[in-house]
Each structure stands twice: as structure tokens, then as C-alpha cells.
Amino acid sequence: MRKVIPVIHNTSSVQRLVDMARIVLSMNIDLLVATKVYGAAAQSGIAEAFRLLLKAGKGLVVLPELKDAVETYDGMQVFLVDKEHAAELVDPLSGDFVTGSSSPLMLVFNGSDTPFSPQELSLGKPIYIKGLSYRAGSTAEASLLLYGILR
């Protein structure tokens, strides 16, 4: 099975962080990375997500910036899920998104309504999900893409 590391980036939402941890658990992924976590998510969301993941033997890594995650997990293909700047629309159920390479993937999901900055966009390839006419939100996007990759 291909190694995939989901990243939830730039969130203050406890619920979004916990929901992302639940997606990681449901897909049997070993690790969730959270970057630029602030506000209530930093105060109580990290603890709740960590508790859920730890009980299942999974990990949570919290880093200050997206750049830190990309540098820490060097050698991964980095895809930023971003409707506004998508260089490519992918169909997660067709399999074409993951064919041709077996290198590990880092999928970065935006946990806020603020778009990725130009510096963040330069860290990977912006993609979005074919057939969605409006931004679905990080948890829905993560569910669709991770299921398509890991099925």
C-alpha cells in the first residue's frame, strides 16, 4: 500500500481537527500531521485528536508551518488541495491520480476559509477534485481523496 500522510493546515477549529483524526482512523492511516494550528484547536483540539489517535496506536505530529512538514518528510510528492489554484483536477475514484508513481504522498488540506498563501502553494502541486463545483471543506475533501487513493 502506498504511504500517504494527510496534513491539516491552518485551522482554529477543534471539530475540524478531531474530524480529520477520525478520517485518519477510519482509513487506517498511521499518522496525521497538523500545521499552523491556533486558537481553540491549539488549546483543546490537539489534545482531543491526540487522545483519539493514541488510543488506536496512531500518531499526531504538530508543526508550526507547512514548510516544516514538507522539510521533515522530504522526498514525498506534495499535493495541496486548493480549488482556486488547482493545476489539475483529479478523479479520486478513477485511479489515475495515483498511477505512475509509487513514491509516498503528502496531501495538504486547508483547515480554514483563507486560501493558501503563494509561499505555501510553492511547496507542492495544487490539485482539486473533479466534479465538485464548490469547495467541499477539508474533511469532505480528505474523505474523498484518501478513500480513492487507499481503496
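For the structure itself, look to the data block above.
Below you will find a few notes about this structure.

**Points about the pairing of strand S2 (residues 31-37)**
The buried fraction of S2 is high, at 6 of 7 residues. As defined by bridge partners, strand S1 (residues 4-11) adjoins S2 across 4 bridges and the pair is classed as parallel. The partner of isoleucine 8 across the bridge, within S2, is alanine 34. For the handedness criterion, the β-α-β arrangement of S1, helix H1 (residues 14-26) and S2 is classed as right-handed. Where S2 meets strand S3 (residues 59-63), 5 bridges bridge the pair, whose relative direction is parallel. Each residue of the ladder has a partner; that of alanine 34, found in S3, is valine 62. Crossover handedness for the path S2 to helix H2 (residues 39-55) to S3: right-handed.

**As for the pattern of salt bridges**
Within the structure shown, the criterion is met by 7 salt bridges. Measuring nitrogen to oxygen at the nearest pair gives 3.8 Å for the salt bridge that ties glutamate 71 to lysine 67. Here lysine 67 and glutamate 71 lie together in helix H3 (residues 66-72), a separation of 4 residues that amounts to about one turn. In this structure, glutamate 141 and arginine 135 form a salt bridge, with 3.7 Å as the shortest nitrogen-oxygen distance. On the accessibility criterion, arginine 135 (27% relative accessible area) is partly exposed. Salt bridges here are not isolated pairs; linked through shared partners, they connect Asp113, Arg135 and Glu141.

**Observations concerning the nonpolar core**
Residues Leu32, Leu107 and Leu146 are the most contacted members of the largest nonpolar core, which totals 32 residues. For this core, the secondary structure elements donating two or more residues are S1, H1, S2, H2, strand S4 (77-81), strand S6 (105-110), strand S7 (125-129) and helix H5 (138-150). No other element matches the 6 residues that H1 contributes to this core. Not counting residues within four places of it along the chain, the set of residues in contact with leucine 146 comprises Val4, Pro6, Ile23, Met27, Ile29 and Leu107. Formed by 16 residues, the second largest nonpolar core is a distinct cluster that contains Ile5, Leu31, Leu66 and Tyr73.

**Examining the sheet that holds S4**
Within the open sheet, the 7 strands sit side by side as S3-S2-S1-S6-S4-S7-S5. Their pairing is parallel. With one partner strand each, in any of the chains shown, S3 and strand S5 (88-90) form the two edges of the open sheet. When strand polarity is set aside, the average angle formed by the axes of neighbouring strands in this sheet is 30°. In the packing of H1 onto the sheet, contacts are made with S1, S2 and S6, and the angle to S2 comes to roughly 165°.

**Points about unusual backbone geometry**
A positive phi angle, near 65°, is found at asparagine 10, a position not held by glycine. Along the chain, the position of asparagine 10 falls in strand S1. On the accessibility criterion, asparagine 10 (8% relative accessible area) is buried.

**A few points about H2**
Between its terminal C-alpha atoms H2 stretches 24 Å, which fits the 24 Å expected from 17 residues at 1.5 Å a residue. Glycine 45 marks where H2 bends most, by close to 50°. Taken as a whole, H2 has its buried residues at Ala41, Gly45, Ala49, Leu52 and Leu53. Contacts from the buried residues of H2 go to S1, H1, S2 and S3.

The rules behind each value
Residues numbered from 1 in each chain as written. Predicted model: local features only at pLDDT ≥ 70, side-chain atom pairs only at ≥ 80, totals over all residues. Heavy atoms only, no water. Buried < 20%, exposed > 50% of the residue type's maximum accessible area, 1.4 Å probe, protein only. Helix = DSSP H or I, 4+ residues; strand = E, 2+ residues; numbered from the N terminus. Pairing = 2+ DSSP bridges. Right-handed = clockwise from strand over helix to strand, strands pointing away. Salt bridge = Lys/Arg side-chain N within 4 Å of Asp/Glu carboxyl O. Core = buried A, V, L, I, M, F, W, Y, C linked by side-chain atoms within 4.5 Å. Contact = heavy atoms within 4.5 Å. Axes fitted to C-alpha atoms, helices over the stretch in contact; angles between N-to-C directions. Expected span 1.5 Å × (residues − 1). Bend = angle between axes of the 7 residues up to and from the residue.

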